[in-house]
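# Structural description and commentary
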Amino acid sequence: MLGEDLVLFRDLSGRHGLLHKHCSHRRTLLEYGIVAERGIRCCYHGWLFDIDGTILETPGEPARSRIRETLCHGAYPVRERDGPLFAYLGPPEKTPDFPVLDTMAQPGNDMVPYSIDYPRNWLQVAENPMDPWHSVFLHTRATRAHFNAAWGAFPVVEWHWMEDRVGIYLTNSRRWNEYVWVRTAENMFPAVAQPPDIYQDADRELFFPRVGITKWTVPVDDRSCRITGWRHFNPTLDRGGKGDRAKVGLGKVDFLGQTGTERSHEEGQRMPSDYEAQVGQGPITVHAEETLGSTDKGVAMLRRGLRRAIRAVAAGEDPPRAKPNADGTIPSFAGDVIIRVPKSNVDDVALQREVGRLVGRVVAETLPMPAATRQAEIERRVRAGLAALGAAGAAPG
Ligand code: FES
Ligand SMILES: [Fe+2]
């Protein structure tokens, strides 16, 4: 991870360790080490390393050897959270609280962990969630609907900085029959993204069911990265029952074309998806050869925000970090609002834009609220806001 060669293990007392992969003695790989009651023992000459890098034994050395007191092996702290293991690779004196998003603490929510490796630079994979236009084309119009037909309707998309520029959220508003469907999605710097329900359909009213995915996209090295996160399963999501827990796990997730292993090259040509599109950009996509358009505003914002954060950290500042609410969880933006607004003789694109802005504003304003009451409040404020729009002549009464 992050350009470092590391070995992850669980010792016989059940503790996880993440150590530099090459032994401090003569550099053989600790991935051939033998796990011990406490730590891991190098296979070559038996040096024993604790999970914090303390050298516990150098058995071939004389008792008076000072190696154990003068040397510490590289190690990072690890913790498990709902399946995946997380490591903090920054300076120890700046260790942050573990970031628990509100979506990771929902009652009755089943979080199924997954991870996917991409043989590509992390940025072109990480910026994809700020590009909802690809859902119109790649996922729907070009390929006859990976999810539901409503995804092919042209949306009105707007992108917004989060407070203190800790991330970006977008509002993605479209008409589908009698409904206006607004999705909010987010990227929090440096690497967290949440899309709403991946199988959402705009065929009834809904007020802010939460996310289908919480994921981190992390560089392995310059030319490869790993997505790690969870698929969320609960009764408010995926009402059409298209998701499949059995297809979620190591190297797999339950929607089409997300890995390089499940399909042949020809199948990828016939029905391309995210994997083909992002791998197709090359090992490290060349920004100088791109032609960004108006649909790429979120991608451009993401790159600017990251560049700004990288420069700030290089100058000694702390990285941008979202703040938790009183309950200790970080409130997030992603969800769907689907509201019945029959078509009328007003400018419908302008209407979609107004409803999108209304939902975005309400979602942002309700961030400080307890999760248990936020959803009902979002419904109340969106309905009231829509009535006000109607009174102003922007929406049908
Ligand atoms: S190389 Fe690991 S103990 Fe010698
Ligand atoms: Fe996608």
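Quick caveat: nothing in here was measured; it's all calculated off a predicted structure.

Reading guide: rules and limits
Residues numbered from 1 in each chain as written. Chains lettered and ligands numbered in written order. Predicted model: local features only at pLDDT ≥ 70, side-chain atom pairs only at ≥ 80, totals over all residues. Heavy atoms only, no water. Domains from an automatic or database assignment. Contact = heavy atoms within 4.5 Å. Buried area = accessible area lost by both parts, 1.4 Å probe. Salt bridge = Lys/Arg side-chain N within 4 Å of Asp/Glu carboxyl O. Polar contact = N/O pair within 3.5 Å; in protein donor to acceptor, adjacent residues only side chain to side chain. Nonpolar A, V, L, I, M, F, W, Y, C, P; charged D, E, K, R; others polar. 1 Å grid on protein atoms, 1.4 Å probe; cavity = no way out; pocket = protein on both sides within 12 Å on 5 of 7 lines; lining within 4 Å. Points joined across faces, edges and corners; volume = space filled by probe spheres on them. Pairing = 2+ DSSP bridges. Helix = DSSP H or I, 4+ residues; strand = E, 2+ residues; numbered from the N terminus. Expected span 1.5 Å × (residues − 1). Buried < 20%, exposed > 50% of the residue type's maximum accessible area, 1.4 Å probe, protein only.

### Quick notes on the domain arrangement of the protein
Along its sequence, the protein is organised into domain 1 (6-92) and domain 2 (108-391). On the side of domain 2, 6 residues touch domain 1, which itself brings 5 residues to the contact. Carbon and sulfur atoms make up 79% of the surface buried where domain 1 meets domain 2, a total of about 400 Å² over both sides. Looking at the side of domain 1 facing domain 2, the largest losses of area belong to Asp82, Pro84 and Phe86, adding up to 84% of the total buried there. Across the domain 1-domain 2 interface, the total number found is 0 salt bridges. Taken together, domain 1 and domain 2 are joined by 1 residue pair in polar contact (both at pLDDT 80 or more). Across the side of domain 1 that touches domain 2, the residue classes break down as 2 nonpolar, 1 polar and 2 charged.

### Quick word on the layout of surface pockets
The computed volume of the second largest pocket comes to approximately 400 Å³. Here the lining of the second largest pocket is built from residues that sort into 7 nonpolar, 6 polar and 4 charged.

### Here's the deal with the sheet that holds strand β1 (residues 6-10)
Pairing in this open sheet of 3 strands is antiparallel, and the strands run β1-β2-β7 from one edge to the other. Two strands lie at the open edges of the sheet, namely β1 and β7 (75-76), each paired on one side alone. Inspection of the sheet shows strand β2 (residues 16-20) paired to β7 by 2 bridges, in the antiparallel sense. Of the residues in β7, the one forming a bridge with Leu19 is Ala75.

### Some thoughts on helix α7 (residues 348-365)
A rise of 1.5 Å per residue sets the reference length of α7, with its 18 residues, at 26 Å; its end C-alpha atoms lie 25 Å apart and thus fit the reference within 8%. Within the sequence span of α7, burial applies to Asp348, Leu351, Gln352, Val355, Gly356, Leu358, Val359, Gly360, Val362 and Val363. Among the residues of α7, the N-terminal cap falls to Asp347, whose side-chain oxygen and the backbone nitrogen of Val349 are separated by 3.1 Å.

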